[in-house]
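Here is how the chains run, residue by residue.
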Amino acid sequence: MNYQDIELLRFTTAGSVDDGKSTLIGRLLYDSKSIFQDQLDAVEQSSKSKGFDYVDLSLLTDGLKSEREQGITIDVAYRYFATPKRKFIIADTPGHIQYTRNMVTGASTANLAIILIDARKGMLEQTHRHAFIASLLRIPHAIVCVNKMDLVNYSEEVYDGIVANFKAFSSKLGINDIQFIPISALNGDNVVNRSENMDWYQGSTLMYHLETVHISSDHNLIDCRFPIQSVIRPHTLENQDYRGFAGRIDGGVFKPGDKVKSLPSGFVSTIKTIELNGEQISEAFAPMSVTMTLEDEIDNSRGDMIVRENNVPEIGQDLEVLVTWMSTKPIQARTKVVVKHTTNESIGMVKELKYKIDINTLHRIENIDKVEMNDIARMSIRTAKPMFYDAYKKNRQTGSLIIIDEQTNETIGAGMII
Amino acid sequence: MSNYVINHLKELESEAIFVIREIAAQFENPVLLFSGGKDSILLTHLAKKAFYPAKIPFPLIHIDTGHNFPETIEFRDNLVEKLGVKLIVGSVQEAIDKGRAKEETGADASRNSLQIVSLLDTLEEYKVDAAMGGARRDEEKARAKERFFSHRDEFGQWDPKNQRPELWNLFNGRKNYGEHFRVFPISNWTEMDVWEYIKLENIDLPSLYFSHQRDCVVRDGVILANSEFIKLKEGEKVENMTIRYRTCGDMPITGAVESEADNLDKIIEEIATTRTTERGGRADDKRAETAMEDRKKQGYF
Ligand SMILES: Nc1nc2c(ncn2[C@@H]2O[C@H](COP(=O)(O)OP(=O)(O)O)[C@@H](O)[C@H]2O)c(=O)[nH]1
Ligand SMILES: [Mg+2]
């Protein structure tokens, strides 16, 4: 297999504090030989100076000074490793209650979620939250790792009990693809190498799952969506009339010769070329960045969207959105905000707060007058101009938006369109 | 497997081009920080692809410490001419002469931290509101938490606890007066990805990256090029060695590796088997365990 022809898998890890996330990531890096000698030396050194009698692999990932001082992970950190089969990007997110926003952030770009459970503790309230967020963000694949099996004598019974509990809860969530694996992150059982301590487990190792899970259908290949980032006009003699639309494909498959429609103008034309750097592309699909030219001179600009004539997204100013609140400042109804959606941006108004979701029980809390940091709430937003959108469940790119504070310009909310 | 899959290099390329185009669209005065190293050469290549057949719509800024490898400067000038893009040079020597920065003394003196002064001065002079750089998250612990769009206050400082969350493909470049952004389009690339892509795209690199003979001094286990910028300590001697560079910083602080790898295939093979990180050879990171984090907070790339 040629290194250049491997796929990229992005995954996120969720677990409560001390469930073993950092250790597991350290183990994956270590066993896949992605750790360099100088990094390992540093970790061995710190482990020794802390008086540990084993090398603490979690030190490989517990990054910043402030967080080492507190001994906790405070933010999303990204890690990288590759095997001959795949390249991986890990969004390492902490599991504290106050950090729902970080988990949502890490989950927004993930193809897969690893949910960690401490075998001694079983399903906790936090586990509900992690599973719910994975399903809310529509991460296509989940792997539940029951960790610290070494501390429960590698007991099949304990494992089966946790799996049954998890399934009972997750059946309400609608995650399509869930796998379960008993592991010991500390000792490496079933992480990269098969465990010799759990011959009752017939399934594959975590690494095998990560390397083989089928991700090519994770993108929407049906509904053609091409939001325009900018218009390329060279202003040179040989390219005087060139007008290329630069952007990244968010859905469907585009080909030269396709009849397309521009939004909001509604003008119809035909794709003349799809190219990048002058090289012609015969089929373009998500997540490719391309430049598109059309047969007719159409005055498109940033924020417009090119779609198929007979398959257009929703067009409107009233959005129903499930929002994760990211700011320490709560929001109330009738607040003015800025909405960023694909390459489009608009002034908007949070018109109504409908309900919050108790992420532990999944119950709705109605009659709310504000939404606070880490809340997940349904709200209606009215934008000043029409947006071209799909439901989040249909397309994670054209179905998502962020809410920005008009005054501070901070990102204060992450929204999924219903 | 369906046909509608792109490989990881193409996906990283697409992501980087998307981010570069966002910078051009969201900011008034963006620039590309060109260090002369392979990562900024890669970034320049991606910027060219992003806007082709138009030219790169923003200038390149190079902070010249005065301690650069001559090969870097020559390469830079050729590249700028070939692309027809504007080059702005910020000079550390000038900052020292003007009394804006104070040269370190002693045998281990480095101009690395002085770069920060020159960089911030140059960004201010040209009213830059977004400076894109070729930093990667896999390079160093403090960078693992860096955003694509990294917000800096009016003093150019980075506050790791006060970064904007980044979700999906949605990058928030809105800012208040005086604030600016550092943007890192190749955040998600590893050293291996960079080399594989350089090979795939046949990107030209300075000769420093390939095996060559050079007079060197070995200091604290780091192989440094002997040059006018380096003062020999007692017991140190100059040896002719067969080396190449994995990164290109300043001459007096960038460590070389002994290597026979004189083409891309050999380099890739060497990286696949090396056991130290590429920054492992940089004296500037060794000063303290949190050296990079501290410099970032002050406004370093
Ligand atoms: N016995 C045992 N201990 C583990 C295992 N995984 C993690 N630990 C320990 O659990 C503690 C917390 O692990 P850490 O990775 O920091 O958890 P995090 O908070 O989820 O990142 C550390 O002391 C680890 O050594 C395991 O599989 N078995
Ligand atoms: Mg941790």
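Residues numbered from 1 in each chain as written. Chains lettered and ligands numbered in written order. Predicted model: local features only at pLDDT ≥ 70, side-chain atom pairs only at ≥ 80, totals over all residues. Heavy atoms only, no water.

Considerations on the overall build of chain A
Keep this limit in mind: Where helices and strands are cited, they refer to DSSP runs of H or I of at least four residues and of E of at least two residues respectively, numbered from the N terminus. Only C-alpha atoms enter the radius of gyration, while the globule expectation follows 2.2 Å times N to the 0.38, with N the number of residues. Accessibility throughout is a Shrake-Rupley quantity obtained with a 1.4 Å probe, and a residue counts as covered only by protein chains that appear here. Positive charge is attributed to Lys and Arg, negative charge to Asp and Glu, and no charge count is given to His or to the chain ends. Charged side chains are reduced to one point each, which is NZ for Lys, CZ for Arg, CG for Asp and CD for Glu.
A count of helices and strands for chain A gives 7 helices and 22 strands. Here chain A has a C-alpha radius of gyration of 24 Å; the compact-globule value for 418 residues is 22 Å, and the two agree. Principal axes of the C-alpha set define a box for chain A whose edges measure 70 × 55 × 40 Å. Of the roughly 16900 Å² of accessible surface on chain A, 46% is carried by carbon and sulfur atoms. Of the side chains in chain A, 46 bear a positive and 55 a negative charge, and the two mean positions are spaced by 4 Å.

Concerning the side chain of Ser 187 of chain B
Quick reminder of the rule: Remark: exposure states derive from per-residue accessible area (1.4 Å probe, protein chains only) relative to the maximum for the residue type, with buried under 20%, exposed over 50%, and partly exposed in between. Two residues form a contact once any of their heavy atoms are found within 4.5 Å.
Inspection of the secondary structure assignment puts Ser 187 of chain B in the loop between β6 (180-183) and α6 (191-201). The buried category is assigned to Ser 187 of chain B, whose relative accessible area is 1%. Those residues within four positions of Ser 187 of chain B in sequence are excluded, and the remaining contacts are Tyr 80 of chain A together with Ala 135, Arg 136, Arg 137, Arg 147 and Phe 148 of chain B.

What about the pattern of salt bridges?
A side chain with one charge may pair with a side chain of the opposite charge, provided their charged atoms come close. Put simply, the test is: The rule for a salt bridge is simple: a side-chain nitrogen of Lys or Arg has to be within 4 Å of a carboxyl oxygen of Asp or Glu.
Evaluation of the coordinates by the stated rule reveals 39 salt bridges over all chains. Across the salt bridge formed by Arg 10 of chain A and Glu 15 of chain B, the nearest N and O atoms sit 3.0 Å from each other. Remark: Glu 15 of chain B occurs in helix α1 (residues 8-26) and Arg 10 of chain A occurs in strand β1 (residues 7-14); the pair is interchain, linking two chains. You'll find Arg 10 of chain A and Glu 15 of chain B in the same group, each marked buried. Between Arg 302 of chain A and Glu 22 of chain B there is a salt bridge whose closest N-O contact spans 2.9 Å. Of the two residues, Arg 302 of chain A is situated in the loop between β14 (289-294) and β15 (305-308) and Glu 22 of chain B in helix α1; the pairing between them involves two chains. Each of Asp 118, Arg 120, Lys 121 and Lys 148 of chain A takes part in one network of salt bridges that share partners.

Describing the domain arrangement of chain A
Residue and element names in this part refer to chain A. For clarity, the threshold we go by: Residue ranges for the domains trace back to a domain assignment, done automatically or taken from a database. Note: buried area is the sum, over both parts, of the accessible area (probe 1.4 Å) each one loses when the two are combined. Under this definition, polar contacts are N or O atom pairs within 3.5 Å; protein pairs additionally need one hydrogen-donor-capable and one acceptor-capable atom, and for neighbouring residues in sequence, both atoms have to be side-chain atoms. In this classification, Asp, Glu, Lys and Arg are treated as charged, Ala, Val, Leu, Ile, Met, Phe, Trp, Tyr, Cys and Pro as nonpolar, and every other residue, Gly included, as polar.
Domain boundaries in chain A define domain 1 (3-212), domain 2 (225-308) and domain 3 (314-417). Look at where the C-alpha atoms of domain 1 and domain 3 centre, and you get two points 30 Å apart. Each side of the interface is counted separately: domain 1 has 22 residues, and domain 3 has 15 residues. Between domain 1 and domain 3 lies a buried interface of about 1600 Å² when both sides are counted; carbon and sulfur atoms form 63% of it. Between the two partners, domain 1 and domain 3, sit 0 salt bridges. Our count for the contact surface shared by domain 1 and domain 3 stands at 8 residue pairs in polar contact (both at pLDDT 80 or more). Of all elements in the fold, only α4 (100-108) and α5 (125-136) reach the threshold of two or more residues within the side of domain 1 that touches domain 3. The element best represented in the side of domain 1 that touches domain 3 is α4, accounting for 6 residues. Each residue belonging to the side of domain 1 that touches domain 3 can be placed in one class, and the counts come to 12 nonpolar, 6 polar and 4 charged.

Observations concerning the confidence of the model for chain B
A low pLDDT score tells you not to read the predicted coordinates there in detail. Residues and elements named next belong to chain B. What counts is decided by this rule: One confidence number per residue, pLDDT, is output by the predictor and ranges from 0 to 100.
Averaged over all residues, the pLDDT of chain B is 83; the fraction at 70 or higher stands at 83%. Taken as a whole, residues 281-293 scores under 50 in pLDDT and shows 39 contacts with residues more than four places along the chain or in a different chain. For this predicted complex, the interface confidence comes out at an ipTM of 0.92, alongside a pTM of 0.90.

Description of empty space enclosed by the protein
Heads up, the condition is: Each cavity reported here is a set of points on a 1 Å grid over the protein atoms alone in which a 1.4 Å probe fits but cannot get out, each pocket an open set with protein on both sides within 12 Å along at least five of seven lines, and each lining residue one with an atom within 4 Å of a point. Grid points are joined across faces, edges and corners, and a volume is the space filled by probe spheres set on the points.
Enumeration over the complete set of coordinates arrives at 6 cavities of 30 Å³ or more. The calculated volume of the second largest cavity comes to roughly 90 Å³. If you trace the second largest cavity, you find it lined by Pro 227, Arg 248, Asp 250, Thr 342, Thr 343, Gln 397 and Ser 400 of chain A together with Phe 18, Trp 168, Asn 169 and Leu 170 of chain B.

Structural notes on the packing of aromatic side chains
Threshold: The aromatic pairing rule takes the rings of Phe, Tyr and Trp, using the six-membered ring of Trp, and pairs them if the centres are within 6.5 Å, calling planes under 30 degrees apart stacked, those over 60 edge-to-face and the rest tilted.
As enumerated under the stated definition, the model contains 19 aromatic pairs over all chains in all. Aromatic side chains Phe 226 of chain A and Phe 254 of chain A sit 6.2 Å apart centroid to centroid with 65 degrees between the ring planes, which places their arrangement in the edge-to-face category. You can see Phe 226 of chain A sitting in strand β7 (residues 225-232) and its partner Phe 254 of chain A sitting in strand β9 (residues 253-254), a full 28 residues away along the chain. What makes Phe 226 of chain A buried here is its relative accessible area of 0%. A residue is classified by how much of its surface remains accessible, and Phe 254 of chain A, at 0% relative accessible area, is buried. Here Trp 195 of chain B and Tyr 209 of chain B contribute two aromatic rings whose centre-to-centre distance is 5.7 Å and whose plane-to-plane angle is 75 degrees, an arrangement assigned as edge-to-face. Of this pair, Trp 195 of chain B sits in helix α6 while Tyr 209 of chain B is found in the loop between α6 and β7 (212-219), placing the two residues 14 residues apart along the sequence.

A word on the pairing of strand β10 (residues 259-263) of chain A
Residues and elements named next belong to chain A. Rules: For two strands to be treated as a pair, DSSP must find no fewer than two bridges joining them.
In this structure, β10 lies alongside strand β11 (residues 268-276), joined through 3 bridges in antiparallel fashion. The partner of Lys 261 across the bridge, within β11, is Val 268. Counting the residues between successive antiparallel strands, the hairpin from β10 to β11 contains 4 residues, one of them, Gly 266, with a positive phi of roughly 85 degrees. Where β10 and β15 come together, 4 bridges link them in antiparallel fashion. By the bridge assignment, Leu 263 is partnered in β15 with Met 305.

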